[in-house]
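Listed below, chain by chain, are the residues.
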Amino acid sequence: AAILYLFLFAASIRESRLKPLPLPSTILLPLLTFTLATTTQADYQSALTAYNQGNSPSAMQQWLQVTESPDNADNPYVYAEAHYAIAKLYWLGQGTPRDYYRAYDWLLKAAELNHAGAMGKLGYLYTDGIAVQQDFDQAFEWYSKAARLGDVDALYNIGIFYLNGWGTEQDTTMAKQYLAAASAQGDQAAEQALQSLLKRDMEAGATKENVGAASAAKDAESDVEVGAASAAIEEDGTDTEFDVEVG
């Protein structure tokens, strides 16, 4: 069954896991709704402006400066986001040569600061064996941590992991629960996978029902034949004896 599920969902799994790291402007949209009053926030905003203007090298340098301040100095959330943004630049090769190993290091730092997106991307690296040895157990652990924080990609990927039994026991019920949670956040791939699973369940149920009905009909037919034969024997009034031959 796991092999069948892998065949059915291979395309959607890869499409989801290959989503690029969100742009900093997307990541920090809530932060931009209030005045950046602290030094750390102002420095992050300056780096974000440089990034949006296409000056990734300058953004890299300014985000690095943000990470040099203590994580509890101004805003731990912004501090974690700066680590994640640097990982994103290394991941995509913007403002610096692409380097998945350095991206991994910065993602790990961000994950240790409780950044859900970083946790989810670490799960992806372990899933595909990029910059690390492929390890579904580690991938499942990172996806689980990110999913507990509500990361939609992690919710989707955990669903697929349960579906295929990667890093955990295969459990289609759990798979549907996680896919439903991702779908509730608007993830189309999760909704498609969930609907495919539900459709297969309905088809399997219909097939089981048809098989049961056919079996019942066959049993009923057999009962009729046996009853007819018994009636014929009684009408004939004869007994059949089996003699044992000796020597």
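Please read these numbers as outputs of a predicted model, since none were measured by experiment.

**Some details on the confidence of the model for the protein chain**
Here the protein chain averages 77 in pLDDT, while 66% of its residues score no lower than 70. With pLDDT under 50 throughout, residues 1-37 is counted as low confidence; its partners more than four residues away or in other chains account for 70 contacts. Below pLDDT 50 for its whole length, residues 240-247 participates in zero contacts with residues either more than four positions away or in separate chains.

**Topic: the packing of helix α7 (residues 116-128) against helix α8 (residues 136-148)**
Relative to each other, α7 and α8 sit at 165 degrees, their axes nearing to 8 Å. The angle between the axes of α7 and α8 places the two elements in the roughly antiparallel class. Relative to α8, α7 is oriented so that their crossing is left-handed. Here α7 contributes Ala 116, Met 119, Gly 120, Leu 122, Gly 123, Tyr 124, Tyr 126 and Thr 127 to the contact with α8, which in turn contributes Phe 136, Gln 138, Ala 139, Trp 142, Tyr 143, Lys 145 and Ala 146.

**Quick look at helix α6 (residues 100-112)**
A rise of 1.5 Å per residue sets the reference length of α6, with its 13 residues, at 18 Å; its end C-alpha atoms lie 18 Å apart and thus fit the reference within 8%. Of the residues making up α6, those classed as buried are Ala 103, Tyr 104, Trp 106, Leu 107, Ala 110 and Ala 111. The secondary structure elements touched by the buried residues of α6 are α4 (56-67), α5 (76-92), α7 and α8. Two or three places before Tyr 101, at the start of α6, stands the capping residue Asp 99, its side-chain oxygen 3.0 Å from that residue's backbone nitrogen.

**Points about α4**
For α4, spanning 12 residues, the distance from its first C-alpha to its last is 16 Å, which sits close to the expected 16 Å at 1.5 Å a residue. Listed in full, the buried residues belonging to α4 are Ser 56, Ala 59, Met 60, Gln 62, Trp 63, Val 66 and Thr 67. Where α4 starts, the residue carrying a side-chain oxygen 3.2 Å from the main-chain nitrogen of Ser 58 turns out to be Asn 55.

**Remarks on the nonpolar core**
If you look at the biggest cluster of nonpolar residues, it comprises 55 residues, and the most contacted ones within it are Trp 63, Leu 107, Leu 125 and Leu 179. It is α5 that contributes the most residues to this core, nine residues altogether.

Cut-off values and rules
- Residues numbered from 1 in each chain as written.
- Predicted model: local features only at pLDDT ≥ 70, side-chain atom pairs only at ≥ 80, totals over all residues.
- Heavy atoms only, no water.
- pLDDT = per-residue confidence, 0-100.
- Contact = heavy atoms within 4.5 Å.
- Axes fitted to C-alpha atoms, helices over the stretch in contact; angles between N-to-C directions.
- Helix = DSSP H or I, 4+ residues; strand = E, 2+ residues; numbered from the N terminus.
- Parallel < 35°, antiparallel > 145°, perpendicular 65-115°, else oblique.
- Left-handed = near helix turned anticlockwise from the far one by under 90°.
- Expected span 1.5 Å × (residues − 1).
- Buried < 20%, exposed > 50% of the residue type's maximum accessible area, 1.4 Å probe, protein only.
- Polar contact = N/O pair within 3.5 Å; in protein donor to acceptor, adjacent residues only side chain to side chain.
- Core = buried A, V, L, I, M, F, W, Y, C linked by side-chain atoms within 4.5 Å.

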